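Each chain, written out:
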Amino acid sequence: MTSPRREQLVVHAQPGTHGTTVAARRHELTIDEAPRYGGHDSGANPVEHLLAGIAAASLVVLRLLGEDAIAESATLTVSARLNVDRVMGTDDGAAIELIRLDWHVANAEHAERLCAALPHLANRRPGQALIDAASAHTEEVSIRESATVDE
């Protein structure tokens, strides 16, 4: 029997003059808010980074599930409705009211295979707890319309 694999992931955050600098291994990110929330808009905000992580993790797990062709050709848009009043401390509702995952795939076969894989993907996706904590979430699959070429 093999021992379970675990990996300790660490990021370091440091406030700067224009946002927060976050280092992950040898990679640096700038995280900032829009001016209306006191930022300089010098980087995506923290929730946008969470959504980016969910999108990227979804594609990685899709590959781990053996669906490389779909992962390489799919487009995934992750969006959320943030309860800003909760973040500001004036509301006690869910911080994220809705998370949508909109998959766009190349063809009907990919759509069918992706729909079959979604429960397995959700079971293994890092960040799934954030999706589950939203008041509501949806995950939709649609087929990209092919562009027609005039001859």
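Analysis parameters
- Residues numbered from 1 in each chain as written.
- Predicted model: local features only at pLDDT ≥ 70, side-chain atom pairs only at ≥ 80, totals over all residues.
- Heavy atoms only, no water.
- Pairing = 2+ DSSP bridges.
- Helix = DSSP H or I, 4+ residues; strand = E, 2+ residues; numbered from the N terminus.
- Axes fitted to C-alpha atoms, helices over the stretch in contact; angles between N-to-C directions.
- Contact = heavy atoms within 4.5 Å.
- Salt bridge = Lys/Arg side-chain N within 4 Å of Asp/Glu carboxyl O.
- Buried < 20%, exposed > 50% of the residue type's maximum accessible area, 1.4 Å probe, protein only.
- Core = buried A, V, L, I, M, F, W, Y, C linked by side-chain atoms within 4.5 Å.

1. Examining the sheet that holds strand E1 (residues 11–16)
- In space, the 3 strands of this open sheet follow the order E1-E2-E3, with antiparallel pairing throughout. On the outer flanks of this sheet lie E1 and strand E3 (27–31), each paired with one strand and no other. Averaged over all pairs of adjacent strands, the angle between strand axes in this sheet comes to 20°, irrespective of strand direction.
- Of the pairings in the sheet, the one linking E1 to strand E2 (residues 19–24) comprises 6 bridges and is antiparallel in character. Its bridge partner lying in E2, His12 is registered against Ala23.

2. Side note on the sheet that holds strand E4 (residues 75–82)
- Across the sheet, which stays open at both edges, the 3 strands sit in the order E4-E5-E6 with mixed pairing between neighbours. Edge positions in the open sheet fall to E4 and strand E6 (136–143), since each of these has one partner strand only. Averaged over neighbouring strand pairs, the angle between their axes works out to 15° when direction is ignored.
- As paired strands, strand E5 (residues 96–105) and E6 are joined by 8 bridges and run parallel to one another. Residue Leu101 lies in a different strand from E6, and its bridge partner there is Glu139.
- Packing against the sheet, helix H1 (residues 46–64) makes contact with E4 and E5, and its axis sits at approximately 145° to E4.
- Its contacts with the sheet place helix H4 (residues 108–124) against E5 and E6, and it is angled at close to 155° to E6.

3. Details of the pattern of salt bridges
- With the rule as written, the count across this model stands at 5 salt bridges.
- The closest approach of N and O atoms between Glu97 and Arg81, which form a salt bridge, is 3.1 Å. With Glu97 in strand E5 and Arg81 in strand E4, this pair connects stretches of sequence that are 16 residues apart.
- You can call Glu97 partly exposed: its relative accessible area is 28%.
- Residue class for Arg81 comes out partly exposed when judged on its relative accessible area of 46%.
- Across the pair Glu109 and Arg113 runs a salt bridge whose closest N-O atoms are separated by 2.9 Å. Here the residue Glu109 and the residue Arg113 both occupy positions in helix H4, the gap between them amounting to 4 residues, near one helical turn.
- Classification of Glu109 as partly exposed rests on a relative accessible area of 48%.
- One continuous salt-bridge network, built from bridges that share partners, spans Glu67, Glu109 and Arg113.

4. Things to note about the nonpolar core
- By size, the foremost hydrophobic cluster in this structure holds 22 residues, and its most contacted members are Leu62, Val78, Ile99, Leu101 and Trp103.
- Of all the secondary structure elements, the ones that give two or more residues to this core are H1, helix H2 (68–73), E4, E5 and H4.
- Setting aside anything within four residues of it in sequence, one finds Leu62 in contact with Glu67, Ile70, Ala71, Trp103, Leu114, Ala117 and Leu121.

5. Describing the pairing of E3
- In this structure, E2 lies alongside E3, joined through 5 bridges in antiparallel fashion. Bridge assignment links Ala23 to a residue of E3, and that residue is Glu28.
- Here E2 folds back onto E3, and the loop between the two strands holds 2 residues, one of which, Arg25, carries a positive phi near 55°.

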